[in-house]
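What follows is each chain in one-letter form.
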Amino acid sequence: TSTTPTTTTQPHPASPHPHPFRPSFAMPLVTGLLAAALGSSLPSPAWGAGPPVEIDFYRALQGSSIDHHTTQSDDLASLGGVIKYIHTEIIPEHQEAATRFERKYQVDAIMKRRFKVKNPAMDQSQTFFMDFGPFVTFDQGQSTNPDLDGLYKISGDFVGVQDNQDPGLALTKQTPNFWYSVSGFCPNLPWENMPMPDGTTTARCNSKEHLCEAKGTPDSPGADCVKYADSGDVVLGGLCGADLNNTVPTMDPNGTHGCAYTYGKATLVHLDTLVEISAQKCNGGKPCADWFDFRKNCDDASLKKMFGADGKIIDAKNFSEGAEHSFCVEYDIHPACKENCSSSACQNATTKEIGIPFWLGRCNPEANQDRIARLAHAFGIEGALDKHQIVAKDVLEQNATCNKPGATACQPNTDAEGSKGGPYCSRSFGGVCYQCHIPGVKTAYRPDADSQPVCPYDILENEYKSLPKPACKSTNPSDVCCLYTSTCSGSDDPSKATLDADGLRLVEHRCWKEGSTDPMLAFAERVAREKLSSALDRTSTSIKSFAYHQWGQSPGERSFAAFVVGLQEHLGPSPVPATTTTTTPAPEPPLPLSLTLILIIGGPASCVVVLGIYYCRYVRWHAARQLNNAVEGGNDALRPGDAA
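Okay, so let's go over this structure. For clarity, every value in this text was computed on a predicted model and none was experimentally measured.

1. Quick word on helix α15 (residues 560–568)
Inference 1: Of the positions making up α15, those classed as buried are Phe560, Phe563, Val564, Gly566 and Leu567. Seen along its axis, α15 keeps its buried residues to an arc of 165 degrees; they face one direction.
Inference 2: Contacts from the buried residues of α15 go to α12 (501–514), α13 (518–531) and α14 (541–548).

2. A word on the packing of aromatic side chains
Inference 1: Going through the model one piece at a time under the given rule, you end up with 22 aromatic pairs.
Inference 2: Taken together through their ring pairs, the aromatic side chains of Phe57, Phe115, Phe132, Tyr180, Tyr261 and Tyr263 make up a single cluster.
Inference 3: Directly above the ring of Trp191 sits Lys215, whose terminal nitrogen or CZ lies 4.6 Å from the centroid.

3. What to know about helix α9 (residues 365–378)
Inference 1: Compared with an ideal rise of 1.5 Å per residue, which puts 14 residues at 20 Å, α9 spans 20 Å between its outermost C-alpha atoms and is within 8% of the ideal.
Inference 2: On its buried face, α9 sits against α2 (79–90), β5 (109–117), β10 (177–182), β13 (267–270) and α5 (271–274).
Inference 3: The backbone nitrogen of Glu366 lies 2.9 Å from a side-chain oxygen of the residue at the head of α9, namely Asn364.
Inference 4: Directly beyond the C-terminal end of α9, a positive phi value near 85 degrees is found at Gly380.

4. With respect to the state of the cysteines
Inference 1: Applying the stated rule across the entire model yields 12 disulfides.
Inference 2: Between the sulfur atoms of Cys282 and its disulfide mate Cys288 the distance is 1.9 Å. Disulfide Cys282 to Cys288: torsion about the S-S bond roughly 90 degrees, handedness right-handed. Like Cys282, the residue Cys288 is buried in the burial classification.
Inference 3: One disulfide bridge connects Cys410 with Cys425, the sulfur atoms lying 2.0 Å from each other.

5. Things to note about the nonpolar core
Inference 1: In this structure, Phe57, Phe115, Tyr261, Ile459, Phe523, Phe563 and Leu567 are the most contacted members of the largest nonpolar core, which totals 69 residues.
Inference 2: The next biggest cluster of nonpolar side chains, apart from the first, holds 40 residues, and it includes Ala77, Ile83, Ile86 and Phe358.

6. Some points on the packing of α2 against α9
Inference 1: Contact geometry of α2 with α9 gives a least axis separation of 9 Å together with a crossing angle of 115 degrees. Viewed along their axes, α2 and α9 adopt a mutual orientation that is roughly perpendicular. In terms of crossing hand, the pair formed by α2 and α9 is right-handed. Residues Leu79, Gly80, Val82, Ile83 and His87 of α2 form the contact with α9, whose own contacting residues are Asn368, Arg371, Ile372, Leu375 and Ala376.
Inference 2: Among the residues forming the contact of α2 with α9, the class breakdown is 6 nonpolar, 3 polar and 1 charged.

7. Topic: the side chain of Asp243
Inference 1: Tracing the backbone through its elements, the reader meets Asp243 in the loop between β11 (239–242) and β12 (261–263).
Inference 2: Put simply, Asp243 is tucked away with no salt bridge, and the nearest opposite charge, on Lys116, sits 7.9 Å away.
Inference 3: Among the polar contacts listed, one links the side chain of Asp243 to the backbone nitrogen of Thr250, at a separation of 3.2 Å.
Inference 4: Look past the residues within four positions of Asp243 in its chain and what remains in contact with it is Val248, Pro249, Thr250, Met251, Tyr263, Gly264 and Lys265.

8. What about the pairing of strand β19 (residues 323–326)?
Inference 1: The pairing of strand β18 (residues 317–320) with β19 spans 4 bridges and is antiparallel. Each bridged residue has a counterpart across the sheet, and for Lys317 the counterpart in β19 is Ser326.
Inference 2: Where β18 folds back on β19, the antiparallel hairpin that results is connected by 2 residues, among which Glu321 adopts a positive phi of roughly 55 degrees.

9. Observations concerning the pairing of strand β4 (residues 74–77)
Look at any regular strand and the pattern is simple: side chains alternate between the two faces of the sheet.
Inference 1: Burial along β4 is two-sided: the face carrying Asp74 and Leu76 and the face carrying Asp75 and Ala77 are both buried.
Inference 2: Sheet topology note: the β4/β10 ladder contains 4 bridges and is antiparallel. Each bridged residue has a counterpart across the sheet, and for Leu76 the counterpart in β10 is Tyr180.

10. Quick notes on the pattern of salt bridges
Charged atoms that come close allow side chains of opposite charge to pair.
Inference 1: For the structure shown, the criterion picks out 31 salt bridges.
Inference 2: Lys104 serves as the salt-bridge partner of Glu96, at 3.4 Å between the closest nitrogen and oxygen.
Inference 3: Residue classification places Lys104 among the buried positions, given a relative accessible area of 14%.
Inference 4: A salt bridge links Arg103 to Glu330; the nearest nitrogen and oxygen atoms lie 3.0 Å apart. Separated by 227 residues along the polypeptide, Arg103 in the loop between α2 and β5 and Glu330 in the loop between β19 and β20 (331–333) bring together distant segments of the chain.
Inference 5: Taking relative accessible area as the criterion, Arg103 reaches 5% and is therefore assigned buried.
Inference 6: The exposure class assigned to Glu330 is buried, which follows from its relative accessible area of 4%.
Inference 7: Three or more residues joined by partner-sharing salt bridges are found here, namely Glu54, Asp56, Arg114 and Asp394.

11. A look at the environment of Met111
Inference 1: When you line up the elements, Met111 lands in strand β5.
Inference 2: Judged by its relative accessible area of 2%, Met111 is buried.
Inference 3: Ignoring anything within four residues of it in the chain, the contact list for Met111 reads Phe57, Tyr58, Arg59, Leu61, Ile66, Leu76, Ala266, Thr267, Leu268 and Phe379.

12. Focus on the packing of α13 against α15
Inference 1: One way to put it is that α13 packs onto α15 with a least axis distance of 11 Å and a crossing angle of 85 degrees. With respect to α15, the axis of α13 lies roughly perpendicular. Mapping the contact onto sequence places Met520, Phe523, Ala524, Val527 and Ala528 in α13 and Phe560, Phe563, Val564 and Leu567 in α15.
Inference 2: Here the contact of α13 with α15 is composed, by residue class, of 9 nonpolar, no polar and no charged.

13. Re unusual backbone geometry
Inference 1: Of note, the amide linkage connecting Met194 to Pro195 takes the cis form, showing an omega dihedral of -5 degrees.
Inference 2: Tracing the backbone shows Pro195 in the loop between β10 and α4 (203–206).
Inference 3: In this structure, the amide linkage connecting Gly422 to the following residue, Pro423, adopts the cis form with an omega of 0 degrees.
Inference 4: Turning to its location among the elements, Pro423 is positioned in the loop between β23 (418–419) and β24 (424–426).
Inference 5: In this structure, Asp67 is a non-glycine residue whose phi angle is positive, near 70 degrees.

Procedures and definitions
- Residues numbered from 1 in each chain as written.
- Predicted model: local features only at pLDDT ≥ 70, side-chain atom pairs only at ≥ 80, totals over all residues.
- Heavy atoms only, no water.
- Buried < 20%, exposed > 50% of the residue type's maximum accessible area, 1.4 Å probe, protein only.
- Helix = DSSP H or I, 4+ residues; strand = E, 2+ residues; numbered from the N terminus.
- Arc of directions from axis to C-beta.
- Contact = heavy atoms within 4.5 Å.
- Phe/Tyr/Trp six-rings, centres within 6.5 Å; stacked < 30°, edge-to-face > 60°.
- Lys NZ or Arg CZ within 6 Å of the ring centre and 35° of its normal.
- Expected span 1.5 Å × (residues − 1).
- Polar contact = N/O pair within 3.5 Å; in protein donor to acceptor, adjacent residues only side chain to side chain.
- Disulfide = S-S within 2.5 Å.
- Core = buried A, V, L, I, M, F, W, Y, C linked by side-chain atoms within 4.5 Å.
- Axes fitted to C-alpha atoms, helices over the stretch in contact; angles between N-to-C directions.
- Parallel < 35°, antiparallel > 145°, perpendicular 65-115°, else oblique.
- Left-handed = near helix turned anticlockwise from the far one by under 90°.
- Nonpolar A, V, L, I, M, F, W, Y, C, P; charged D, E, K, R; others polar.
- Lys, Arg positive; Asp, Glu negative; His and termini not counted.
- Salt bridge = Lys/Arg side-chain N within 4 Å of Asp/Glu carboxyl O.
- Pairing = 2+ DSSP bridges.

Have a look at this one:
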């Protein structure tokens, strides 16, 4: 198998981590097995347990550079991770030069690739989310952490991961973001000799190590390249197959030196399309053609603003060719919110953001979740916009289990009564084995179990099917546990469910079962009518969005009181009571004059006749009153015998 030399002089695309870098050299594109290309046999340390893991990795880059470089000694991300990277590192206006003509690092697209990963067997202390090693930040193709050189020597090449959190972007525990790293040839040295002509250098070049020499090539490696401890050979890198013809690579990695991952052909989503740049108007009402057209010519004066370093809003202007020019801003955020959405300075800011609609709401978990869903939909993930599905179905259904023999991270604790609610692991959070728990058990497996995400509803239906079921403390749906064991009391019919937390949890679960928001809309309509005396327009976009965000792949944690408050914010005016015409029975009639005379003239004997006639009139009046009550109150106002 031969290698194909690179044909580009463009910089290596930026990767999703917080430290800017612009490598300008890439290894040749591997089109076959690296081992065969090197013409050498590979050592075979103990393999990791189970088959290779299939997972989708994403990367922000310049779209025209795709496939010009192999993906090695690089960092990638989950769906949420790549959106987070662009949102926090690429587009905030006050962080970048006002005179630029493109987004930072020329990023204009997001790439998705299906990877197959099989890491070498590692000590559990170096294993993360069951299948991965520690995350490695690469700068100019060089690992920035010297301590990991020893892991490459002992274990060999590996794919790493970390759960990425940033106080400047609001998430819930149900929507974690992940960053990934893939090791390449000679991972401890940079692509090129440092410092570069423009002054670019790396931390390890500037350190006492002084690792500034370029890594070279497999045929002519740099003198300081890290070597495997068992063979003394230069570390090869984990890539052993780039299948550019198939979305899912046909080659499987085997976990040996030089063979920790393979990947398939790329799919691209262009940022201008995703964020709907063309929905903005330029040059007097015309759709903006692209990012630069928007920046230079947009019509919306409110977008010609940005934040100053002190948080004040200033005009967005640059100086070029001896003149001052206004420009439009895709996105900017108040400096205090950039650092921490929860800070008092951010909370007290009158204006927190400026920009086009797609990017607004960086400090809003629901808005961030919607952005991830829109990107998932753009990449063709089924159910992204109507079923809360952000991981491809075939990734979730793969044969690679999380609860592996000999490992405890995904093995639920049990006692004589059953499971203690965790720890379970699910790939539904991003493709990795991420810990979750089942609430509402008699005894929780750890005191702070509620700090973990709530498991998806189907967690017990697959690899945990044969294990003891959770020991639920009740059959109350509001305690959640019974939703997993199908032992809840109450009805999930939205027309009959109780208007409380129990009913809300049951209807959420029904929405998941049916893959539809309709049950929640019906439930919300009842709550509006019976609790708020208000009308609900089920065709309203706002109402549909509210109802959709009340359910997901896992049970919700919102209280019924919070549900009612949230619903009230989306309701229209209260209905005008219908005008009802009712017939009110006349008061009990007085005794007619003729009957009074009979009583006086006829004496006591006539009393029987008079009272009989009067009783008949009274019965007729009483029957009319009962019928009127039935009309006003419904059938329940009639009692047996009333008709007679």
